[in-house]
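# Overview (structure and organization)
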Amino acid sequence: MSDTPKLSLDFKGLLCPMPVVKLAQAIKQIQVGELVEAIATDPGVMADIPAWARTSGHEVVSLEKQDKVFKFVVKRVK
Amino acid sequence: MTEKKNKMTLVVLSGDMDKVMAAYIMASGAAAAGMEVIMFFTFWGLKAIQRDGVLTGKGLFGRMLGVMNRGGLSAIGPSRLNMGGMGRWMFKLMMKMHGVTPLNELREACIALGVKLITCDMSMTVMEIDCEDLIPETEEPVGVAVMLEHANESSIQYFI
């Protein structure tokens, strides 16, 4: 298991619900314990990604605002 | 008492663009979070799973209904300010300008995430809408008891 994300996604320009929809589809493509990273422009992801993780049972490793974009890393837990 | 599952049941009665959009957003969001999702389409809601460009109805009234209330995601208009289709055009344009995912893509996302689309048998009979008029992903029509069974074991139920 490494700390390098297995998948890197671009959600720039996407609005609710597509970031969580695309994240849910992407997480099925990686193994348990692996990471997926993404970049988004919708400020809604700051609240939505953690809520999605609590409901789906996955883990938000990091989530931060950098200039005008939002970057986050999620780990597949199950 | 039935044990509640991590499941959501949506009853979609409205065929208005804005309400159908809310329904597909909630369904795709819930399915993305790993929930089992059932969408039960009834009356005007059937327009949200009708194939584009299909004219429904067999008898005079049924055909009139099919012509005056066209179904399919490209034909349905907003619940307010539709103004004979102008509102629909304006909303679609505004959604595109802001990069909102169009209705057909939202529905495709729902289907890809395993959302189950079921329909009300009785309203299909009354409105003279056949299974062939609906998108192929739609399951066999059912009655209120089946919908209630899904709702009873769901932790979330919404009526739209």
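Once a new chain begins, its residue numbering starts again from 1 and follows that chain's sequence as written. Chains carry letters from A onward and ligands carry numbers from 1 onward, assigned in written order. pLDDT decides what is reported in this predicted model: residues at 70 or higher carry local features, side-chain atom pairs at 80 or more are listed and counted, and totals for whole chains, interfaces and linings draw on all residues regardless.

## Points about the overall build of chain A
Working definition: helices are DSSP H or I runs of at least four residues, strands are E runs of at least two. Numbering for both runs from the N terminus. Of regular secondary structure, chain A possesses 2 helices and 4 strands. Mapped in sequence order, the helices and strands of chain A form the string β-α-β-α-β-β. For the radius of gyration, the atom set is restricted to C-alpha positions; the globular benchmark scales as 2.2 Å times the number of residues to the power 0.38. For chain A, the C-alpha radius of gyration of 11 Å lies close to 12 Å, the compact-globule estimate for 78 residues. When the backbone C-alpha atoms are referred to their principal axes, chain A occupies close to 30 × 25 × 15 Å. Working definition of burial: number of other C-beta atoms within 10 Å of the residue's own, with buried at 20 or more, exposed at 12 or fewer, and partly exposed in between, all C-beta atoms being placed from the backbone. When each of the 78 residues of chain A is scored for burial, the buried share is 31%. Any two residues are considered in contact once their C-beta atoms, placed from the backbone, lie within 7 Å. The long-range share in chain A, meaning contacts at least 24 apart out of those at least 6 apart in sequence, stands at 60%.

## Observations regarding the packing of helix H1 (residues 18-27) of chain A against helix H1 (residues 17-32) of chain B
Each axis is a line fitted through C-alpha atoms, and for a helix only the stretch in contact is used; angles between axes span 0 to 180 degrees, taken between their N-to-C directions. At their nearest, the axes of H1 of chain A and H1 of chain B sit 8 Å apart, and the two run at 35° to each other. Crossing geometry of H1 of chain A relative to H1 of chain B is assigned as left-handed. Along its contact with H1 of chain A, which presents Val20, Val21 and Ala24 of chain A, the element H1 of chain B presents Ser28, Gly29 and Ala32 of chain B. In terms of residue class, the contact of H1 of chain A with H1 of chain B is built from 4 nonpolar, 2 polar and no charged. Handedness of a helix crossing follows the sense of rotation of the near helix relative to the far helix, less than a right angle counterclockwise being left-handed and clockwise being right-handed. In this classification, the charged set is Asp, Glu, Lys and Arg, the nonpolar set is Ala, Val, Leu, Ile, Met, Phe, Trp, Tyr, Cys and Pro, and all remaining amino acids, among them Gly, are polar.

## Re the packing of H1 of chain A against helix H2 (residues 45-56) of chain A
Residue and element names in this part refer to chain A. The geometry of H1 relative to H2 is characterised by a closest axis approach of 10 Å and an angle of 40° between their N-to-C directions. What the angle tells us is that H1 and H2 run oblique. You can see that H1 and H2 cross each other, and the crossing is right-handed. Of the residues in H2, those touching H1 at Pro19, Val20, Leu23 and Ala24 are Val45, Asp48, Trp52 and Ser56. Residue composition of the contact of H1 with H2, grouped by class: 6 nonpolar, 1 polar and 1 charged. Angles are sorted into four bins: roughly parallel if under 35 degrees, roughly antiparallel if over 145, roughly perpendicular if 65 to 115, and oblique for all others.

## Here we look at the sheet that holds strand E3 (residues 59-66) of chain A
Residues and elements named next belong to chain A. Strands are treated as partners if at least two bridges between them are detected by DSSP. Judged by pairing direction, the sheet is mixed, and its 4 strands sit side by side in the order E1-E2-E4-E3 without closing on themselves. At either end of the open sheet lies a strand with only one pairing partner, and these are strand E1 (7-11) and E3. Geometrically, the sheet is characterised by an average inter-axis angle of 15° between neighbouring strands, direction not taken into account. Running over the sheet, H2 touches strand E2 (35-40), E3 and strand E4 (69-75) and is turned about 175° from E3.

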